Amino acid sequence: MKATPCFITLAVLRKMALVLVFLLFSTHPAWARLSVDADILGQVLQEAHALFADDTEGANADYIPELARVPSELFGLALVTVDGQVFIAGDADYDFTIQSVSKPFTAALVLQEHDDPEILVEKVGVEPTGLPFNSVLAVELHASRSVNPLVNAGAMAAVSLVPAESDMERFSKIKQFHEAMAGQELSVIEEVYRSEAATNQGNRAIAHLLKKYGRIYADPEEALDVYTRQCAIGVTARVLAMMGATLANGGVNPISKEQVLEARHVPKVLALMLTAGFYDESGRWAYDVGLPAKTGVGGGIVAVVPGKLAVAAFSPRLNQAGNSVRAMRAIEYVSQRLGLGLFQ
Ligand code: GLU
């Protein structure tokens, strides 16, 4: 009779210990934030790579001559979780130009430097264009002219809003911000910069048109050049996934733990990505996948799952809208397989 309370106490203690261990593990950031088993992430990435490895639809961008020379068969995938786990498949470490995937990051820098979410609304615009990324017509049609920071007009306007005394300072602020997002040093791929700088008459026309309308806030030639350089920053699928994971993680790089972007600006950037990340296919992407993402004519795409992870893909062959065919399909597959879409 005397021993019973003691046994009950031990049994209760054991149960309490089990509950405690369970609670500890289930609330660890890695498990609490991921509704999926971490083991499956690498497996799904490999599946996506195998599934689309032979997909040859689309063609390299060639309006920037150097981009036509990038081997078309390259195909890399990377996924980074908010607690810093990295999974890769295929050519995830091939260096290619970031191109328009830089646009949300420079928009983020503008928000941060001005410490004011209204800066983009008032000085650039936040509406999707429904028109191609390099549309001159969009500047004429929309009252805000530059339209939004994820098309070329708005991206050059955003570059011009980065406070700086010189073009060198402006570019180095932009590059440093991208590096902090990535948690590593990045370099410009000079051949692509020179190739685009020699052939970017369309963007030059847009920059000067914005000047006419008072919607560019530095010398248009300077904004054009810094923008062209920004687009030529070299990244890999792994790097893009890390930059995306920094957005997913409330602006904190999952590895360096640096608060690169103030958390309050992150939803603004993700909203721009959801509504304008795929140019005139943004509606379709939101409809099919439902994730904020950004594409670039270099063949890179990064998609962000807030609070959980980012997935990036690289494949140079693009569709008519300028979006990488395989990268889109691979990310869509990963998203569906893991149930990542925000509206599911
Ligand atoms: N540098 C490219 C351009 O301005 C970027 C376009 C893109 O990636 O969509 O045309």
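Residues numbered from 1 in each chain as written. Predicted model: local features only at pLDDT ≥ 70, side-chain atom pairs only at ≥ 80, totals over all residues. Heavy atoms only, no water.

Colleague: Even after reading the chapter, I still don't get the layout of surface pockets, so can you show me in this structure?
Modeller: What the largest pocket holds in volume is close to 240 Å³. Taken as a whole, the second largest pocket holds about 200 Å³ of empty space. Glu 57, Glu 281, Arg 284, Trp 285, Asp 288, Val 289, Asn 319, Val 325, Met 328, Arg 329 and Glu 332 together form the lining of the second largest pocket. Mapped by element, the contributors of at least two residues to the lining of the second largest pocket are helix H14 (282–288) and helix H15 (325–338). With four residues, H15 is the single largest residue contributor to the lining of the second largest pocket. Here the lining of the second largest pocket is composed, by residue class, of four nonpolar, one polar and six charged. (1 Å grid on protein atoms, 1.4 Å probe; cavity = no way out; pocket = protein on both sides within 12 Å on 5 of 7 lines; lining within 4 Å. Points joined across faces, edges and corners; volume = space filled by probe spheres on them. Helix = DSSP H or I, 4+ residues; strand = E, 2+ residues; numbered from the N terminus. Nonpolar A, V, L, I, M, F, W, Y, C, P; charged D, E, K, R; others polar.)

Colleague: How do you make sense of helix H13 (residues 266–276) when you look at a structure like this?
Modeller: Taken together, the buried positions of H13 are occupied by Val 266, Val 269, Leu 270, Leu 272, Met 273 and Ala 276. Seen from one end, H13 has its buried residues packed into an arc of 160°, which puts them on one side. Buried residues along H13 sit against helix H4 (103–114), helix H5 (118–123), helix H12 (237–248), H14, strand S5 (293–295) and strand S6 (300–305). (Buried < 20%, exposed > 50% of the residue type's maximum accessible area, 1.4 Å probe, protein only. Arc of directions from axis to C-beta. Contact = heavy atoms within 4.5 Å.)

Colleague: Is there a simple way to think about the pattern of salt bridges in this case?
Modeller: A side chain of one charge can pair with a side chain of the opposite charge when the charged atoms of the two come close. One pass over the structure, following the stated rule, counts 13 salt bridges. A salt bridge links Arg 170 to Glu 222; the shortest N-O distance between them is 2.8 Å. Of this pair, Arg 170 sits in helix H8 (residues 167–182) while Glu 222 is found in helix H11 (residues 220–231), placing the two residues 52 residues apart along the sequence. Connected through salt bridges with shared partners, the residues Asp 55, Glu 57 and Arg 329 form a single ionic network. (Salt bridge = Lys/Arg side-chain N within 4 Å of Asp/Glu carboxyl O.)

Colleague: How should the pairing of S6 be read in this particular structure?
Modeller: Each regular strand shows side chains that alternate between the opposite faces of the sheet. Across the six residues that make up S6, a large majority, six, are buried. The two faces of S6 match: Gly 300, Val 302 and Val 304 on one face and Ile 301, Ala 303 and Val 305 on the other face are all buried. In this sheet, S6 lies alongside S5 in antiparallel orientation, the contact comprising three bridges. Across the sheet, residue Thr 295 finds its bridge partner in S6, namely Ile 301. The hairpin turn running from S5 into S6, its antiparallel successor, is four residues long, and Gly 299 in that turn takes a positive phi close to 105°. Examined bridge by bridge, S6 and strand S7 (residues 309–314) share six bridges and lie antiparallel to one another. (Pairing = 2+ DSSP bridges.)

Colleague: Is there a simple way to explain the packing of H8 against H11 in this structure?
Modeller: Geometry of a packed helix pair, given as the angle between the helix axes and the separation of the axes. At a minimum axis distance of 10 Å, the contact between H8 and H11 shows a crossing angle of 30°. In terms of their interaxial angle, H8 and H11 are classed as roughly parallel. In this structure, the crossing between H8 and H11 has a hand that is right-handed. Note on element contacts: H11 touches H8 through Glu 222, Val 226, Arg 229 and Gln 230, opposite Asp 167, Arg 170, Phe 171 and Ile 174. For the contact of H8 with H11, the residue count by class is three nonpolar, one polar and four charged. (Axes fitted to C-alpha atoms, helices over the stretch in contact; angles between N-to-C directions. Parallel < 35°, antiparallel > 145°, perpendicular 65-115°, else oblique. Left-handed = near helix turned anticlockwise from the far one by under 90°.)

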